[in-house]
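What the coordinates show
Here's the letter readout for the chains.
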Amino acid sequence: MSDDEKHEHAFEQAGSGASTTFPMQCSALRKNGHVVIKNRPCKIVDMSTSKTGKHGHAKVHLIAIDIFTGKKLEDICPSTHNMDVPNVSRNEYQLVNVDDGFLNLMTQDGTAKDDVKVPEGDIGKEIQAGFDDGKDLLVTIISAMGEEQAISYKEAPKGS
């Protein structure tokens with residue numbers, strides 16, 4: 001086996017290299033911002049800072065809600081430590097079809113996207129009902145850390 005053969009790797013998939021999270025000092029986090037708690041992207045709903053003890057650091061107590069499941073999570077960390085903040089993005093897509101539990105969506109430039117599940121609960125039923133009525137819907141998709149979910153929808157403006 002030559003040296004060249006040892007160093008050949010087959011890469012099945014290559015990402016853009018953009019990280020799904022970035023570090024931020026705990027004391028710099030703010031209410032309504034995002035943070036990663038227990039490997040889940042969350043939105044901070046409440047936070048409080050405790051004073052330092054005799055020798056210790058100030059601690060930040062975070063209460064956050066998972067942006068995908070809606071579960072409440074809590075975490076306490078020293079204010080000087082870094083915590084991961086998820087890169088959260090929202091995009092609006094036009095609804096083309098609802099197919100077998102998945103939304104068939106189209107971006108503004110006409111690219112098809114059909115890997116987003118119909119959300120559970122009322123919003124999923126409303127999207128399905130609006131589509132069945134023949135309404136032209138724009139669906140807002142939130143994505144973070146490799147997960148995506150439809151979070152809201154609105155009727156597309158007429159004449160677009």
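Everything discussed here concerns the structure shown above.
What you see is a predicted model; the values in this text were computed from it and never measured. (Residues numbered from 1 in each chain as written. Predicted model: local features only at pLDDT ≥ 70, side-chain atom pairs only at ≥ 80, totals over all residues. Heavy atoms only, no water.)

A few words now on the state of the cysteines. Under the definition given, this model contains 1 disulfide. Here Cys26 is linked by a disulfide to Cys77, with a sulfur-sulfur distance of 2.1 Å. Taken together, the residues Cys26 in the loop between β1 (21–25) and β2 (34–37) and Cys77 in strand β5 (residues 72–78) connect sequence positions 51 residues apart. Of the residues examined, Cys26 reaches a relative accessible area of 0% and is grouped as buried. We classify Cys77 as buried; its relative accessible area is 7%. (Disulfide = S-S within 2.5 Å. Helix = DSSP H or I, 4+ residues; strand = E, 2+ residues; numbered from the N terminus. Buried < 20%, exposed > 50% of the residue type's maximum accessible area, 1.4 Å probe, protein only.)

On to the environment of Asp46, then. Structurally, Asp46 is set in strand β3 (residues 40–50). Put simply, Asp46 and Ile65 are 19 residues apart on the chain and 9.7 Å apart in space, counted from C-alpha to C-alpha. What Asp46 contacts, discounting residues up to four positions off in sequence, is Lys31, His61, Leu62 and Ile63. (Contact = heavy atoms within 4.5 Å.)

Ordered in space as β2-β3-β4-β5, the 4 strands form an open sheet in which the pairing is antiparallel. With partners counted over all chains shown, the strands left at the sheet margins are β2 and β5, one partner each. Averaged over neighbouring strand pairs, the angle between their axes works out to 45 degrees when direction is ignored. Relative to β5, strand β4 (residues 59–66) runs antiparallel, the two sharing 7 bridges. (Pairing = 2+ DSSP bridges. Axes fitted to C-alpha atoms, helices over the stretch in contact; angles between N-to-C directions.)

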